[in-house]
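# Working through the structure, step by step
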Amino acid sequence: MTFVLFGATGDLAKRKIFPALYNLYLDQKLPQPISIIGLGRGTLTHNDFQEKVKESILTFSRRLEHDAGEMGDFLEAFRYNTLDVNNTEDYQKLLQLVKQREAELQIKENRMFYLSVAPKFFDIIALNIRDSGLGATNGWKRLMIEKPFGRDLQTARQLNKKLSSAFEEEEIFRIDHYLGKPMVQNLEALEFANPVLQSIWNREHIANVQITASETVGVETRAGYYDQAGAIRDMVQNHMLQMLMMTAMNLPKKINASEIRNEKRKVMEALRPVTKEDVQTQIVRGQYLSGEINGQKVPGYKDEPGVDPSSNTDTFVAARIWIDNPFWSGVPFYIRTGKRMKEKSTRIVIEFKNSLDLHYINDNQKVEPNLLIIEISPGENVSLQLNSKNPMNNGKIEPVRINFSCEDSSRNGLGVPEAYERLIYDFLIGNSTFFAHWKEVELSWEWVQPILDAFEENLLPLHEYSSGTYGPDAANTLLLENGFKWWLDEKVEENKEKVLQK
Ligand SMILES: NC(=O)C1=CN([C@@H]2O[C@H](COP(=O)(O)OP(=O)(O)OC[C@H]3O[C@@H](n4cnc5c(N)ncnc54)[C@H](OP(=O)(O)O)[C@@H]3O)[C@@H](O)[C@H]2O)C=CC1
Ligand SMILES: O=C1O[C@H](COP(=O)(O)O)[C@@H](O)[C@H](O)[C@H]1O
C-alpha cells in the first residue's frame, strides 16, 4: 500500500498526521510493508524529511517514550518528493517514485492520496492524479480530503463535480475530525446498545437537545482563512451539523457505513429549511470583544492580527433547528459554537420532559428535569441527572449526577487514540462510516446557504460579546422563548432573571 501525503511540510502533517501514523504503527495497525511519500514544494532529501517526521513525533505523539529501533524502522517507510500542485511534470516524477517503491517493497498498486493542503488545491490535485496516471492502478485508490469542502453550496457542488471525475464517491473520504472523536462515535452505541435509552430517545420523552462547541481560543494565526469563513462555515456547516445528525439519526437496519450514512441523510432531509426571513428569529450571530480568559487579557476579534478592523465575521453562532419527522417533530435542537468563550467544552445535553406532579412531591418544590449529558471534549464522559432526596437537607429533592466515565487517559501511560488516528486507520482499511458522504455535505450546505445569504446582506444583528463569556444574551433568549435554558452554564440563572425582568 502507498500513502501519498500532499502538504507533508505543513502544520497539520506535523501536529496530527505523522504522530497518528506512528501510533498506528506501534499498535500494529499500519499495514506492512507500506510506502509513505511526502510532498511539498521545497527541496528535501529523504533523510531530511525523515528527520522532520521524527521531530514532529517527538513533539506531538501521545506516547511519552520512544524506542530508537522501532522509530528507525517506522521512518524507513518515508520518502520525499518535490511537487508543485500545478506542475504536471512533478506528478510524473511522483509516479516514478511510487512505482519504484512498489517494486522495491513488492507491494500491490493500492494507492491512497491524502490532501493536507489549502482547499483551493483540492480539485487541481484530484485532476492531476487522474491525468498523470497515478490514479490508474491495478489495485484500489482512495482520496482523503481536509475541510473546508467549498465555501457555499455552489462551490461545494463544483468541487464535488471535479473530484467525481477522478474518484468514485466510495473512494472519497471527506474528513470531519469531530466524527473521529470517541464520544461522537459512541453516540451510536449509546442509543442503540442500550434499550433503556433507545426507548426514550424520541419526541415522546425528550424536551430539547442542546449541542455546544465552545472554545477559549481566538482566531489564532488563521485570520486569513477565518475572516472569510466565520463560525458558520468553520464549525456549523460541518462539525455541528454532523453532531446533530449523529444524535438525531434513527436506528439503522444494520450498523454499517451505508446504513448509518443513509440515516444521517434522512435527518438532513427532514431539517426544516430556514428562509432568509427566518434567520432573524432562529439564528444568533456574534463577534467577540476583548475580555479576560483564565486571568489573561485577550484582544477583541477586530484587533486580532490579520483581521479586517471593520470585519463583520461571526465568531459565534447559535441556532434553533427543527427536524420535521415523526421522531423529532416539536423537539427543538439548539446548537451553539463560538471562539473566546468562557470554557473549552464540546457537549450534548438531552433534556427530558418533566411531567411530574409537583404537588405530589412536596411544597411545590421545583424539580429539575432529567438530563443526559454527553461530554465529548476535553473530557469524555456520560452522565445522567436524576432527582433524589437529600437526607442532609431535610429530605429535599435535589438533582444528582451519575457519571459513567469513559475517560481512560492513562491506558498504561499511552493516552487515548485521538480523532486523526482513528480516522486515518479507517481510511487505511477503507471504512467510511465516520466520514462525510457527499449527500450529507450537500444537504448541510443547502440548509446553511440562506443563513450565509442573510449574513452577507446583514439581515440580522451581529451581537458583540465579551471574551470569557458564554456568548451574546440573544443566545439565551433563543431558549427562553421556548421555556428552556442552556444547561451547565454557570451564568445562565442570572441571565434568566434579567431576561424575565425585562
Ligand atoms: N492545521 C490544522 O490544525 C488544521 C488544518 N486543516 C486543513 O488541513 C489542510 C492543511 O492545513 P495546514 O497543514 O494547516 O496548512 P499549512 O499552510 O501549514 O501547510 C500547507 C501545505 O501545503 C503545501 N503547499 C502549499 N502550496 C503548495 C503548492 N503550490 N504545491 C504543493 N504543495 C503546496 C505546503 O508545502 P510547501 O510550503 O513545502 O510547498 C504545506 O505542506 C487545509 O485544508 C486546512 O484547512 C483542517 C483542520 C485543522
Ligand atoms: O475544525 C476546526 O475545529 C477546531 C476545534 O476543534 P476541537 O477538536 O478542538 O474541538 C476549531 O478551533 C477550528 O477553528 C476549526 O477549523
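Model, not experiment: these values are computed from the prediction.

Attention now goes to the overall build of the protein chain. On a plain count of helices and strands, the protein chain comes out with 16 helices and 16 strands. Scaling as 2.2 N^0.38, a compact globule of 502 residues should have a C-alpha radius of gyration of about 23 Å, and the protein chain matches this with 24 Å. When its C-alpha atoms are laid out on the principal axes, the protein chain stretches across 80 × 50 × 45 Å. Burial status across the protein chain gives 55% buried among its 502 residues. Partitioning the intrachain contacts of the protein chain with sequence separation of at least 6 by distance along the chain shows that 75% fall at a separation of at least 24. Taken as a whole, the protein chain presents about 22400 Å² of accessible surface, with 48% of it coming from carbon and sulfur. Distance between charge centroids for the protein chain: 1 Å, based on 60 positive and 70 negative side chains.

Its place among the elements puts Thr 2 in strand β1 (residues 2-6). Under the relative-accessibility criterion, Thr 2 is labelled buried at 0%. Expressed as a C-alpha distance, the spacing of Thr 2 and Asn 23, which sit 21 residues apart in the sequence, is 18 Å. Once you skip the residues sitting within four places of it in the chain, Thr 2 turns out to touch Ser 35, Ile 37, Val 98, Glu 102, Ile 107, Asn 110, Arg 111 and Met 112.

Right, let's get into the confidence of the model for the protein chain. Here the protein chain averages 92 in pLDDT, and 94% of its residues register 70 or above. With pLDDT under 50 throughout, residues 491-502 is counted as low confidence; its partners more than four residues away or in other chains account for 12 contacts. In the predicted assembly, ipTM is 0.97 and pTM is 0.93.

This next bit is on the site of ligand 1. Within the structure, ligand 1 sits among 21 residues, and Thr 9, Asp 11, Arg 15, Arg 41 and Val 117 are positioned closest to it. Thr 9 is positioned such that a nitrogen or oxygen atom in its side chain is 2.6 Å from an oxygen atom of ligand 1. The protein chains hide 74% of the 890 Å² of surface that ligand 1 would expose on its own. For the shell around ligand 1, the element with the most residues is helix α1 (residues 11-26), which contributes 3 residues.

Pairs can form between side chains of opposite charge once their charged atoms are near each other. Overall, the coordinates contain 31 salt bridges when judged by the stated rule. Its salt-bridge partner being Lys 162, residue Asp 123 comes within 3.4 Å of it at the nearest N-O pair. Residue Asp 123 is found in helix α5 (residues 122-132), and its partner Lys 162 is found in helix α6 (residues 153-164); the two are separated by 39 residues along the sequence. You can call Asp 123 buried: its relative accessible area is 19%.

Before going further, it helps to spend a moment on α5. When we look at burial in α5, the residues that qualify are Phe 122, Asp 123, Ile 125, Ala 126, Asn 128, Ile 129 and Ser 132. For α5, the secondary structure elements touched by its buried residues are β1, α4 (88-105), β4 (111-115), β5 (141-145) and α6.

Counting 146 residues, the largest nonpolar core has Phe 3, Phe 6, Phe 74, Tyr 114, Ile 424 and Trp 447 as its most contacted members. Take this core: its biggest share by element is 13 residues, from helix α9 (residues 223-248). Residue contacts for Phe 6: discarding those within four places in its chain leaves Leu 39, Leu 83, Tyr 91, Leu 94, Phe 113, Tyr 114, Leu 115, Ser 116, Val 117, Ile 125 and Ile 129.

Pairs of packed helices are described in terms of their axes, by the angle between the two and the distance that separates them. In contact at an axis separation of 9 Å, α1 and helix α13 (residues 419-429) are set at 65 degrees when each is read in the N-to-C sense. The handedness of the crossing between α1 and α13 comes out as right-handed. Across the interface between the two elements, Leu 12, Lys 16, Ile 17, Ala 20, Leu 21, Asn 23 and Leu 24 from α1 touch Tyr 420, Glu 421, Ile 424, Tyr 425 and Leu 428 from α13. Within the contact of α1 with α13, the residues separate by chemical class into 9 nonpolar, 1 polar and 2 charged.

The next subject is the UniProt feature "binding site: NADP(+)" (unreviewed entry) in the protein chain. Feature annotation in UniProt places "binding site: NADP(+)" (unreviewed entry) on Gly 7, Ala 8, Thr 9, Gly 10, Asp 11, Leu 12, Ala 13, Lys 14, Arg 41, Asp 84, Val 85 and Lys 147, given in this structure's numbering. Lining residues of the largest cavity drawn from the annotated set just named are Lys 147. You can see Ala 13 is positioned in helix α1. When sequence neighbours within four positions are dropped, the list of residues in contact with Ala 13 reads Leu 5, Gly 7, Ala 8, Phe 18, Pro 19 and Ser 116. As for its position among the elements, Lys 147 is in the loop between β5 and α6. When its relative accessible area of 24% is taken as the criterion, Lys 147 is described as partly exposed. A polar contact is formed between the side chain of Lys 147 and the backbone oxygen of Asp 234, at a distance of 2.9 Å.

Cut-off values and rules
- Residues numbered from 1 in each chain as written.
- Chains lettered and ligands numbered in written order.
- Predicted model: local features only at pLDDT ≥ 70, side-chain atom pairs only at ≥ 80, totals over all residues.
- Heavy atoms only, no water.
- Helix = DSSP H or I, 4+ residues; strand = E, 2+ residues; numbered from the N terminus.
- Rg over C-alpha atoms; globule rule 2.2 N^0.38 Å.
- Buried < 20%, exposed > 50% of the residue type's maximum accessible area, 1.4 Å probe, protein only.
- Contact = heavy atoms within 4.5 Å.
- Areas by Shrake-Rupley, 256 points an atom, 1.4 Å probe, with all protein chains shown as cover.
- Lys, Arg positive; Asp, Glu negative; His and termini not counted.
- Charge placed at Lys NZ, Arg CZ, Asp CG, Glu CD.
- pLDDT = per-residue confidence, 0-100.
- Near = heavy atom within 4 Å.
- Polar contact = N/O pair within 3.5 Å; in protein donor to acceptor, adjacent residues only side chain to side chain.
- Salt bridge = Lys/Arg side-chain N within 4 Å of Asp/Glu carboxyl O.
- Core = buried A, V, L, I, M, F, W, Y, C linked by side-chain atoms within 4.5 Å.
- Axes fitted to C-alpha atoms, helices over the stretch in contact; angles between N-to-C directions.
- Left-handed = near helix turned anticlockwise from the far one by under 90°.
- Nonpolar A, V, L, I, M, F, W, Y, C, P; charged D, E, K, R; others polar.
- UniProt positions renumbered as here; feature names shortened; annotations may be inferred.
- 1 Å grid on protein atoms, 1.4 Å probe; cavity = no way out; pocket = protein on both sides within 12 Å on 5 of 7 lines; lining within 4 Å.

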